[in-house]
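Residues per chain, in single letters:
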Amino acid sequence: MLDKFITPVIKPLLTPVVMLMHKRGITADQLTVVGFLVGLLAVPLLAFEMWYGALVAIALNRILDGLDGALARYANQSSSAGGFLDITLDFLFYAAIPLGFIFANPEQNAIAGSLLLATFIGTGSSFLAFAIAAEKFKLEKPQFKYKSFYYLNGLTEGTETIALFIAFCIWPQHFAVMASIFAIACGITIFTRIHGGYHTLKQQEADANKAAENVPSSANSEVIND
């Protein structure tokens, strides 16, 4: 929900760093992989209740995640392969953080953490499934024209998720409550994405079929006129 407002503010701040990385020969895909590995460090840190260490790993992951896309665009290296790698590792990272809190306190966090992971699957699958169909119909990307995938909006997006992870690390004793509330918000996102995505694609299919039906009739009329 907040991504479209936050991204334009952060983007200019990354430019100097991106220029330096490009001069040193660093590629966007390298940043993506390094950022993912750094983010995974949060899992054992969370398991051993090293909350602020995990917070640093999460923050670094998000910074590198912002830099990889900016670097790809600056170096004219944007590609479907890079976008695929980025989004796949992002979703794995998102799933790993609740798992770290479950490891830290299974008795208290297991149910809420599992519920959150289940809804993460719903938000991720609805997001990616629509992106595939949107590519087929060549739908425009009004909010994020520079993204490799069509980003279907929702109540819980990247900005909200990272804010949640930060809150988890600052107030770990309230993980179960916050995770449960966010899972409900994710449920709303899943519903709106399925509802909106379904009707959008139905309309696209209807328009495509209508266009296909009109092509033969036009061709036939030209033959008759000739």
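Everything discussed here concerns the structure shown above.
Residues numbered from 1 in each chain as written. Predicted model: local features only at pLDDT ≥ 70, side-chain atom pairs only at ≥ 80, totals over all residues. Heavy atoms only, no water.

A. Looking closely at the overall build of the protein chain. Along its length, the protein chain carries eight helices and zero strands. The order of α-helices and β-strands along the protein chain, N terminus first, is α-α-α-α-α-α-α-α. By residue count, 40% of the 226 residues in the protein chain fall in the buried class. Partitioning the contacts of the protein chain with sequence separation of at least 6, the portion at a separation of at least 24 is 77%. (Helix = DSSP H or I, 4+ residues; strand = E, 2+ residues; numbered from the N terminus. Buried < 20%, exposed > 50% of the residue type's maximum accessible area, 1.4 Å probe, protein only. Contact = heavy atoms within 4.5 Å.)

B. Representation of the environment of Phe103 within the structure. Here Phe103 lies in helix α5 (residues 80-104). Judged by its relative accessible area of 48%, Phe103 falls in the partly exposed class. Measuring from C-alpha to C-alpha, the distance between Phe103 and Val43 comes to 8.5 Å, with 60 residues separating the pair along the chain. Non-local contacts of Phe103, meaning those with residues more than four positions away in its chain, are made with Val43 and Ala47.

C. Local environment of helix α7 (residues 158-170). Compared with the 18 Å implied by 1.5 Å per residue over 13 residues, the 19 Å span of α7 between its first and last C-alpha is a close match. Those residues of α7 not exposed but buried are Glu160, Thr161, Ile162, Leu164, Phe165, Ala167, Phe168 and Cys169. (Expected span 1.5 Å × (residues − 1).)

D. Representation of the pattern of salt bridges within the structure. By the definition in use, this model includes two salt bridges. The salt bridge involving Asp65 is made with Arg62; its shortest N-O contact spans 3.2 Å. Of this pair, Asp65 and Arg62 are both found in helix α4 (residues 51-74), three residues apart, which corresponds to roughly one turn of the helix. The pair formed by Asp65 and Arg62 is uniform in burial state, with each residue classed as buried. Ionic pairing is found between Asp90 and Arg62, a salt bridge with its closest N-O pair at 3.0 Å. Taken together, the positions of Asp90 in helix α5 and Arg62 in helix α4 put the pair 28 residues apart, joining distant regions of the chain. Here Asp90 falls in the buried class, since its relative accessible area comes to 10%. The exposure class of Arg62 is buried, given its relative accessible area of 16%. Connected via shared salt-bridge partners are Arg62, Asp65 and Asp90. (Salt bridge = Lys/Arg side-chain N within 4 Å of Asp/Glu carboxyl O.)

E. Region of interest: a nonpolar patch on the surface. Together, Tyr52, Ile166, Ile170 and Trp171 make up an exposed nonpolar region whose accessible area comes to about 400 Å². Among the secondary structure elements, Ile170 is positioned in helix α7. The partly exposed category is assigned to Ile170, whose relative accessible area is 32%. (Patch = residues over 30% accessible without salt bridge, like charges linked within 9 Å, V, L, I, M, F, W, Y side chains within 5 Å. Areas by Shrake-Rupley, 256 points an atom, 1.4 Å probe, with all protein chains shown as cover.)

F. View of helix α2 (residues 28-40). When the terminal C-alpha atoms of α2 are compared, their 19 Å separation across 13 residues agrees well with the 18 Å that a helix rising 1.5 Å per residue should span. Of the residues making up α2, those classed as buried are Ala28, Leu31, Thr32, Gly35, Phe36, Val38 and Gly39. One side of α2 carries all its buried residues, which in axial view fall inside an arc of 165°. (Arc of directions from axis to C-beta.)

G. Main features of the side chain of Asn109. As for its position among the elements, Asn109 is in helix α6 (residues 106-137). Within the structure, Asn109 has its side chain in polar contact with the backbone oxygen of Phe101 (distance 2.9 Å). If we ignore the near neighbours within four places in the chain, the residues touching Asn109 are Phe101, Ile102, Phe175 and Ala176. (Polar contact = N/O pair within 3.5 Å; in protein donor to acceptor, adjacent residues only side chain to side chain.)

H. Quick look at empty space enclosed by the protein. Counted under the stated rule, the structure contains one cavity of 30 Å³ or more. By volume, the largest cavity amounts to about 70 Å³. Residue lining of the largest cavity: 13 residues in total, with Thr32, Phe36, Asn61, Asp65 and Asp90 positioned closest to the centre. At the level of secondary structure, the elements contributing two or more residues to the lining of the largest cavity comprise α2, α4 and α5. Tallying contributions element by element places α4 first for the lining of the largest cavity, with five residues. Each residue belonging to the lining of the largest cavity can be placed in one class, and the counts come to five nonpolar, three polar and five charged. (1 Å grid on protein atoms, 1.4 Å probe; cavity = no way out; pocket = protein on both sides within 12 Å on 5 of 7 lines; lining within 4 Å. Points joined across faces, edges and corners; volume = space filled by probe spheres on them. Nonpolar A, V, L, I, M, F, W, Y, C, P; charged D, E, K, R; others polar.)

I. Representation of the packing of α2 against α5 in the model. Two elements in contact, α2 and α5, have axes whose closest approach is 10 Å; the angle formed by their N-to-C orientations is 5°. Relative to α5, α2 is oriented roughly parallel. Across the interface between the two elements, Asp29, Thr32, Val33, Phe36, Gly39 and Leu40 from α2 touch Gly82, Leu85, Asp86, Leu89, Leu92, Phe93, Ala96 and Ile97 from α5. Among the residues forming the contact of α2 with α5, the class breakdown is nine nonpolar, three polar and two charged. (Axes fitted to C-alpha atoms, helices over the stretch in contact; angles between N-to-C directions. Parallel < 35°, antiparallel > 145°, perpendicular 65-115°, else oblique.)

None of this, on its own, says anything about what the molecule does.
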